[in-house]
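Single-letter residue listing:
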Amino acid sequence: MSGKAHWEKVYREKSPFDVSWYQKASSISFEMMEKSGLEGQPAIIDVGGGASVLVDRLLQEGLNNLTVLDISSTGMEYAKVRLGDRATLVNWIESDITEFESPKQYDIWHDRAVFHFLTDAEMREKYLGVMRRSLKVDGTVIIAAFAIGGPTKCSGLDIVQYDAEKLKKVMGSEFVLTEQRNERHITPAEKLQDFGYYRFCRQV
Ligand SMILES: C[S@@+](CC[C@H](N)C(=O)[O-])C[C@H]1O[C@@H](n2cnc3c(N)ncnc32)[C@H](O)[C@@H]1O
């Protein structure tokens, strides 16, 4: 099953409240964004945002330069319905991130539990190429992935676990790790998932 077919099926068959990655609030992601600076309406992209409530929080804070990208239109549809009229304030893009050609450059690139699905070095390079082209020279990257010792699969798919050293190596010296946080995520089925969140600043 192709990536898109997998994700469309997941979101058609499960409520967004039942998927293992469901969070009531995207607190760590938001706090890390705040630290990188949210003044002056930064351009923010949530890569693989799906039905995540991060966009709700960003809108609540008065931010209006927001993009949510996902391979699954069904996933994003949940978020659009939830937001109602406010959904029109967000730019929604249905795309595979590894194929994305961004029309603009972002100040903040956020990815929770998407990069870790790229088990193939060539696909990781494609993702990182898109990221570099889509990010401002002094931009911020926030990536959350399963930690070493955490789950080995997500949504039934193999993933790559990361710690700071491993992710720094993948990101390259252009990106400086400025913050790291751990999350002991409890899934709706009450399983524990250890996540690491990493905030990088691009060196000018
Ligand atoms: C584990 S979920 C995480 C969703 C969201 N980031 C969150 O934390 O609630 C992974 C998301 O990435 C999307 N996705 C998976 N592969 C993708 C790709 N290659 N390009 C864009 N989105 C992708 C899925 O449709 C799904 O919404």
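Provided above is the structure to which this section pertains.
Note that this is a predicted model, so its numbers are computed, not measured. (Residues numbered from 1 in each chain as written. Predicted model: local features only at pLDDT ≥ 70, side-chain atom pairs only at ≥ 80, totals over all residues. Heavy atoms only, no water.)

1. Concerning the pairing of strand S4 (residues 106-112)
Reasoning step 1: In terms of burial, S4 is largely enclosed, as six of its seven residues are buried.
Reasoning step 2: Here strand S1 (residues 44-47) pairs with S4 via four bridges, running parallel. Across the sheet, Asp46 pairs through a bridge with His110, a residue of S4.
Reasoning step 3: Note: S4 against strand S5 (residues 135-146), six bridges, orientation parallel. From the neighbouring strand, Arg112 faces S5, where its bridge partner is Ala144.
Reasoning step 4: Where the polypeptide runs from S4 across helix H5 (residues 121-134) and back to S5, its parallel neighbour, the crossover connection is right-handed. (Buried < 20%, exposed > 50% of the residue type's maximum accessible area, 1.4 Å probe, protein only. Helix = DSSP H or I, 4+ residues; strand = E, 2+ residues; numbered from the N terminus. Pairing = 2+ DSSP bridges. Right-handed = clockwise from strand over helix to strand, strands pointing away.)

2. Observations regarding the site of the ligand
Reasoning step 1: The environment of the ligand is made up of 19 residues, and the closest members are Tyr11, Gly48, Asp70, Ile97 and Arg112.
Reasoning step 2: Take Tyr11: an N or O atom from its side chain is 2.6 Å from an oxygen atom of the ligand.
Reasoning step 3: Within the residue set of the shell around the ligand, elements represented by two or more residues are helix H1 (3-13) and strand S2 (66-70).
Reasoning step 4: Tallied by class, residues from the shell around the ligand come to ten nonpolar, six polar and three charged. (Near = heavy atom within 4 Å. Polar contact = N/O pair within 3.5 Å; in protein donor to acceptor, adjacent residues only side chain to side chain. Nonpolar A, V, L, I, M, F, W, Y, C, P; charged D, E, K, R; others polar.)

3. What to know about the nonpolar core
Reasoning step 1: Ranked by internal contacts, the top residues of the largest apolar core, which has 35 residues, are Met33, Ile44, Val55, Leu58, Leu66 and Trp92.
Reasoning step 2: Filtering out sequence-adjacent residues up to four positions away, Met33 remains in contact with Leu38, Ile44, Leu54, Leu58, Ile108, His110 and Ile142.
Reasoning step 3: Formed by 27 residues, the second largest nonpolar core is a distinct cluster that contains Val130, Leu135, Val141 and Tyr198. (Core = buried A, V, L, I, M, F, W, Y, C linked by side-chain atoms within 4.5 Å. Contact = heavy atoms within 4.5 Å.)

4. Some remarks on H5
Reasoning step 1: The first and last C-alpha atoms of H5 sit 20 Å apart over 14 residues, in line with the 20 Å expected at 1.5 Å per residue.
Reasoning step 2: Inspection of H5 places Arg124, Tyr127, Leu128, Gly129, Val130, Met131 and Ser134 among the buried residues, and these make up the whole buried set. (Expected span 1.5 Å × (residues − 1).)

5. Comments concerning H1
Reasoning step 1: Within H1, burial applies to His6, Trp7, Glu8, Val10 and Tyr11.
Reasoning step 2: At its buried positions, H1 is contacted by helix H4 (73-83), strand S3 (90-94) and strand S7 (157-158).

6. Observations concerning the pattern of salt bridges
Reasoning step 1: Across all of its chains, the model carries 17 salt bridges by this definition.
Reasoning step 2: The partner of Glu13 in a salt bridge is Lys9, with the nearest N and O atoms 3.4 Å apart. In this pair, Glu13 and Lys9 are both assigned in helix H1, four residues apart and thus about one turn of the helix distant.
Reasoning step 3: One salt bridge connects Arg184 with Asp194, and the closest N-O pair in it is separated by 2.9 Å. You can see Arg184 sitting in strand S8 (residues 175-186) and its partner Asp194 sitting in strand S9 (residues 192-202), a full ten residues away along the chain. (Salt bridge = Lys/Arg side-chain N within 4 Å of Asp/Glu carboxyl O.)

7. Topic: the packing of aromatic side chains
Reasoning step 1: Summed over all chains, the structure comprises ten aromatic pairs.
Reasoning step 2: With a centroid separation of 5.6 Å and 70° between ring planes, the pair formed by Trp7 and Trp21 is classed as edge-to-face. Here Trp21 lies in the loop between H1 and helix H2 (27-36) and Trp7 lies in helix H1, a separation of 14 residues in the sequence.
Reasoning step 3: Among the residues examined, Trp7 registers a relative accessible area of 14% and is labelled buried.
Reasoning step 4: Judged by its relative accessible area of 17%, Trp21 falls in the buried class.
Reasoning step 5: Pairing Tyr11 with Trp21 gives two aromatic rings, centres 6.2 Å apart and planes at 80°, and the pair type is edge-to-face. On the criterion of sequence distance, the pair formed by Tyr11 in helix H1 and Trp21 in the loop between H1 and H2 is long-range, its members being ten residues apart. The residues Tyr11 and Trp21 share a single accessibility class, namely buried.
Reasoning step 6: Taken together, Trp7, Tyr11, Trp21, Tyr78 and Phe117 form an aromatic cluster joined through their ring pairs.
Reasoning step 7: Between the NZ or CZ atom of Arg57 and the centre of the ring of Phe30, over which it lies, the distance is 3.9 Å.
Reasoning step 8: A cation sits over an aromatic face here: Lys166 above Tyr162, 5.4 Å from the ring centre. (Phe/Tyr/Trp six-rings, centres within 6.5 Å; stacked < 30°, edge-to-face > 60°. Lys NZ or Arg CZ within 6 Å of the ring centre and 35° of its normal.)

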